[in-house]
Amino acid sequence: MSEFLWDDENNFLLVARNMFNKKDISDLNHYILEKRKSHQNKTERDFEVFKYGVAPDLVRLDKKLFSIWEDADIEIIEKYIPEYKYIMFPPMIRNVSKEFDFVPWHQDVSYVKAMKDKIHKKMVICFVPLDAFPNKKSTLQFAFKKGQEELGVIIRKGHSVNVFDLKDENKPDKDDVISFELNSGDALFFGMYVPHRTYVRDSSMLDRNSIEFRLTTCSDRVRGKDYYDIYRHELDVHKS
Ligand SMILES: O=C(O)CCC(=O)C(=O)O
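My aim in this report is to walk through the structure given alongside it, one point at a time. Quick caveat: nothing in here was measured; it's all calculated off a predicted structure.

### Observations regarding the overall build of the protein chain
And step 1. Looking only at helices and strands, one finds five helices and 14 strands in the protein chain.
And step 2. Counting only residues that meet the buried cut, the protein chain has 33% of its 240 residues in that class.
And step 3. Residue pairs at least 24 apart in sequence account for 81% of intrachain contacts in the protein chain once pairs closer than 6 positions are excluded.

### As for the nonpolar core
And step 1. Among the nonpolar cores identified, the biggest contains 42 residues, and I87, V124, A187, F189 and L215 are the most heavily contacted of them.
And step 2. Looking at this core, the elements with two or more residues in it are strand 2 (11-16), helix 1 (22-40), strand 3 (84-88), strand 5 (124-129), strand 6 (139-143), strand 10 (187-191), strand 12 (208-217) and strand 13 (227-229).
And step 3. It is strand 10 that provides the largest number of residues to this core, a total of four residues.
And step 4. The residues touching L215, leaving out its near neighbours within four places in the chain, are Y84, Y86, I87, M123, V124 and C126.

### As for the site of the ligand
And step 1. With respect to spatial proximity, the complete set of residues near the ligand consists of M92, R94, V96, V103, D108, L140, N162, H196, T198, S210 and E212.
And step 2. Of all elements in the fold, only strand 4 (92-96), strand 11 (196-199) and strand 12 reach the threshold of two or more residues within the shell around the ligand.
And step 3. If one sorts the elements of the shell around the ligand by residue count, strand 4 sits on top with three residues.

### Section: unusual backbone geometry
And step 1. Each neighbour pair has its own omega, and for F89 with P90 the value is -20°, a cis peptide bond.
And step 2. Tracing the backbone shows P90 in the loop between strand 3 and strand 4.
And step 3. In this structure, N18 takes a positive phi of about 55° despite not being glycine.
And step 4. By secondary structure assignment, the location of N18 is in the loop between strand 2 and helix 1.
And step 5. Phi at H233 is positive, roughly 55°, even though this residue is not glycine.
And step 6. Along the chain, H233 falls in the loop between strand 13 and strand 14 (234-236).

### A look at the sheet that holds strand 11
Paired through backbone hydrogen bonds, the strands of a sheet run either parallel or antiparallel to each other.
And step 1. Spatially, the three strands line up as an open sheet ordered 9-6-11, and their pairing is antiparallel. Whereas interior strands pair on both sides, the edge strands pair on one side only; in this sheet they are strand 9 (177-178) and strand 11.
And step 2. Note: strand 6 against strand 9, two bridges, orientation antiparallel. Residue pairing across strands places A143 opposite V177, the latter belonging to strand 9.

### A few points about the pairing of strand 10
And step 1. Strand 10 sits mainly inside the fold: five of its five residues count as buried.
And step 2. Residues A187, F189 and G191 of strand 10 are buried on one face, and the alternating residues L188 and F190, pointing to the opposite face, are buried as well.
And step 3. As paired strands, strand 2 and strand 10 are joined by four bridges and run antiparallel to one another. Pairing of A16 across the sheet is with A187, part of strand 10.
And step 4. Here strand 5 runs beside strand 10; their pairing, made up of four bridges, is antiparallel. For I125, the partnering residue across the bridge sits in strand 10 and is F190.

Cut-offs used in this document
Residues numbered from 1 in each chain as written. Predicted model: local features only at pLDDT ≥ 70, side-chain atom pairs only at ≥ 80, totals over all residues. Helix = DSSP H or I, 4+ residues; strand = E, 2+ residues; numbered from the N terminus. Buried ≥ 20, exposed ≤ 12 C-beta atoms within 10 Å, placed from the backbone. Contact = placed C-beta atoms within 7 Å. Core = buried A, V, L, I, M, F, W, Y, C linked by C-beta atoms within 7 Å. Near = placed C-beta within 6 Å. Pairing = 2+ DSSP bridges.

As structure tokens, then:
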């Protein structure tokens, strides 16, 4: 059963069950693992940027990274967040294998603000686990309550990616947090004010593979940026 917690479009949590085809998920996982191996021989920085999916030059315009959307059941998007049709570049590829990879409590609105002049005013996040048995791996944990607007952030020192961390006074109490048992093909959608973090129940859950897509609306696209259209299955590439 899908679950849906809603306050507004910046503060919601949606568990989309069986949204993606399991075989497509497995194929994408293999593709990413192979691609990662081929970057292992490159410089450490090249490898790290690939691993975090933050290098537009390495993952930009790779349509294969969007392949799971071709047969996706997007009815749930049409029902709850129909405006969100465009995936931003690049998708965020994650392999969580050591403590350094754990992301502490934060809201994704911090990343948006960090883009300064290239702000997407509207954005929702879609987290997709890529392992065959996501329940045996780390996942995301959320804090959801009504009226969660922007909470203060601090910048984590010594990290080059995922640098934002909520201030101590804004970190959720342990009774207010929620996580979900996910199967291959399931996805989590959430708004940019929802505090979330990496959740590792025990150390046998390391080595998780996942991909995160960030979706925006037609009118919130930014001139000069590229997108993948989830309805037409096309790259909407900026031509300069
Ligand atoms: O993949 C994770 O464990 C956390 C990622 C995350 O929270 C983010 O990219 O905003």
